[in-house]
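# Structural overview for review
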Amino acid sequence: MTENVREIVLGVLAAGITTALGWFARTYLWRRRLRRKQRFFGLPHHSECLLVVNRDPATAERAVARNDVFALLELSALIKDCGANADVISHDMAQQGFGERTEFCIGGPVSNRRMSAHLQSLLPGVVVNTDKEPGPERAAFTIGGERYRMESGTAEYVLLARLTAGQHAGTRPVFLLCGQRSVANQAAGRYLARQYLRLIRKYGTSGDFCVLLRVVNSQAYGPDVVELVADVTRAATTPAPATEPASGGRRGNHRATG
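Below is a summary of the structure that appears in this document. (Residues numbered from 1 in each chain as written. Predicted model: local features only at pLDDT ≥ 70, side-chain atom pairs only at ≥ 80, totals over all residues. Heavy atoms only, no water.)

## Focus on the overall build of the protein
Within the protein, the regular secondary structure consists of 6 helices and 11 strands. Burial status across the protein gives 44% buried among its 258 residues. Of the contacts made within the protein by residues no fewer than 6 positions apart, 68% connect residues no fewer than 24 positions apart. Put simply, the protein shows about 13900 Å² of open surface, and 53% of that area lies on carbon and sulfur atoms. (Helix = DSSP H or I, 4+ residues; strand = E, 2+ residues; numbered from the N terminus. Buried < 20%, exposed > 50% of the residue type's maximum accessible area, 1.4 Å probe, protein only. Contact = heavy atoms within 4.5 Å. Areas by Shrake-Rupley, 256 points an atom, 1.4 Å probe, with all protein chains shown as cover.)

## Topic: the side chain of E156
Relative to the helices and strands, E156 is located in strand 7 (residues 155–163). Within the local environment of E156, its side chain forms a polar contact with the side chain of S218, the two groups lying 3.0 Å apart. With sequence-adjacent residues up to four places away left out, E156 is seen in contact with M150, E151, Q180, R181, V183, A184, L213, R214, V215 and S218. (Polar contact = N/O pair within 3.5 Å; in protein donor to acceptor, adjacent residues only side chain to side chain.)

## Digging into the pairing of strand 1 (residues 48–53)
Counting buried positions along strand 1 yields 5 of 6 residues, so the element is predominantly enclosed. Relative to strand 2 (residues 85–90), strand 1 runs parallel, the two sharing 6 bridges. Residue C49 lies in a different strand from strand 2, and its bridge partner there is A86. Pairing between strand 1 and strand 3 (residues 102–106): 4 bridges, direction parallel. Paired with C49 across the bridge in strand 3 is T102. (Pairing = 2+ DSSP bridges.)

## Describing the packing of helix 2 (residues 66–81) against helix 4 (residues 182–203)
At a closest axis distance of 7 Å, the pairing of helix 2 and helix 4 adopts a crossing angle of 15°. Overall, the two elements helix 2 and helix 4 adopt an arrangement that is roughly parallel. Considering the relative orientation of helix 2 and helix 4, their crossing is left-handed. Residue-level contacts link N67, D68, F70, A71, E74, L75 and L78 of helix 2 to S182, V183, N185, Q186, G189, R190, L192 and A193 of helix 4. For the contact of helix 2 with helix 4, the class distribution of residues is 7 nonpolar, 5 polar and 3 charged. (Axes fitted to C-alpha atoms, helices over the stretch in contact; angles between N-to-C directions. Parallel < 35°, antiparallel > 145°, perpendicular 65-115°, else oblique. Left-handed = near helix turned anticlockwise from the far one by under 90°. Nonpolar A, V, L, I, M, F, W, Y, C, P; charged D, E, K, R; others polar.)

## A closer look at the state of the cysteines
For the coordinates displayed, the defined rule picks out 0 disulfides. Cysteine C82 shares no disulfide, and the gap to the nearest cysteine sulfur, in C49, comes to 8.9 Å. (Disulfide = S-S within 2.5 Å.)

## Concerning the packing of aromatic side chains
To describe a pair of aromatic rings, you give the distance between the ring centres and the angle between the ring planes. Per the counting criterion, the structure on display carries 9 aromatic pairs. Measuring from ring centre to ring centre gives 4.9 Å for F40 and F41, while their planes differ by 80°; the resulting arrangement is edge-to-face. A relative accessible area of 0% places F41 in the buried class. Ring centres of F41 and Y196 lie 5.8 Å apart, and the angle between their planes is 55°; on these two criteria the pair is classed as tilted. A residue pair is termed long-range when its members are at least 10 positions apart, and F41 in helix 1 (residues 2–41) and Y196 in helix 4 qualify at 155 residues. Grouping residues by exposure puts F41 and Y196 together as buried. Every member of this aromatic cluster is reached through a ring pair, and the members are F40, F41, F104, F175, Y196, Y203 and F209. The ring of F40 is capped by R162, whose NZ or CZ atom sits 5.5 Å from the centre of that ring. (Phe/Tyr/Trp six-rings, centres within 6.5 Å; stacked < 30°, edge-to-face > 60°. Lys NZ or Arg CZ within 6 Å of the ring centre and 35° of its normal.)

## Focus: helix 3 (residues 113–122)
Among all positions of helix 3, only R114, M115, S116, H118, L119 and L122 are buried. Sitting at the head of helix 3, N112 places a side-chain oxygen 2.9 Å from the backbone nitrogen of R114.

## Here we look at a nonpolar patch on the surface
Together, V64, V69 and L73 make up an exposed nonpolar region whose accessible area comes to about 220 Å². Here V64 lies in the loop between strand 1 and helix 2. The exposure class assigned to V64 is partly exposed, which follows from its relative accessible area of 32%. (Patch = residues over 30% accessible without salt bridge, like charges linked within 9 Å, V, L, I, M, F, W, Y side chains within 5 Å. Salt bridge = Lys/Arg side-chain N within 4 Å of Asp/Glu carboxyl O.)

## Thoughts on the pairing of strand 4 (residues 126–129)
Alternating positions in strand 4 separate into two faces, V126 and V128 on one and V127 and N129 on the other, with burial throughout. In terms of strand pairing, strand 4 meets strand 5 (residues 141–143) through 3 bridges, oriented antiparallel. Following the sheet pairing, V126 is matched in strand 5 by I143.

## Remarks on the environment of C178
Topologically, C178 is positioned in strand 8 (residues 174–179). What makes C178 buried here is its relative accessible area of 1%. Note: C-alpha distance between C178 and A188 (10 residues apart in sequence) is 8.4 Å.

Shown next as structure tokens:
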């Protein structure tokens, strides 16, 4: 009986020690992962960030497109996971610099004045066609001499970028979700929330990047099927060469002139 009791006690102690070690290991890994996430997003505990929303270009009212609201929800969830707080503000009310607070800016330069300014300052190599008239060049991106045309419902492109600049380098980043349609903005928000670990592995927790994503067959799959087209960081951050003014659709090109 004494030997049996001793074995039972030793077994219980071993199980307790194993459980405690497992709990400490899981806690350590969870905290380590959380700290990496917070550094990548610039969102330490109890910090503040900005969610800059655009307006729905399909209406004259001050409204946000349905898919852009879903993009805000995707971002709000990851902000909450970091233990931070978000201040939602309209694009035409955000009159401040960057670097003091993390910022998430949603929408293209037509619907988001703040995005227009960021493109000019941070992504001078991106040219966006802002023609309002329907046509094959409407909302097209030109990056490094390559043109990416929108095929509504079939292939829509979105730029997803994490950027700092100049004296603000190493401080709080600006995240840009610049899509050709609102469904692309939502897709970029979802991609950022789900693939941030992959981005950290490639760029680190403080690296700048700009990637081009393509939303595939959104009329059937919504924002769920997304392809990584290319890393366009170098081309997007290098000023585009000056070109002679052209007639027709080219006059709607937007080289981020806020």
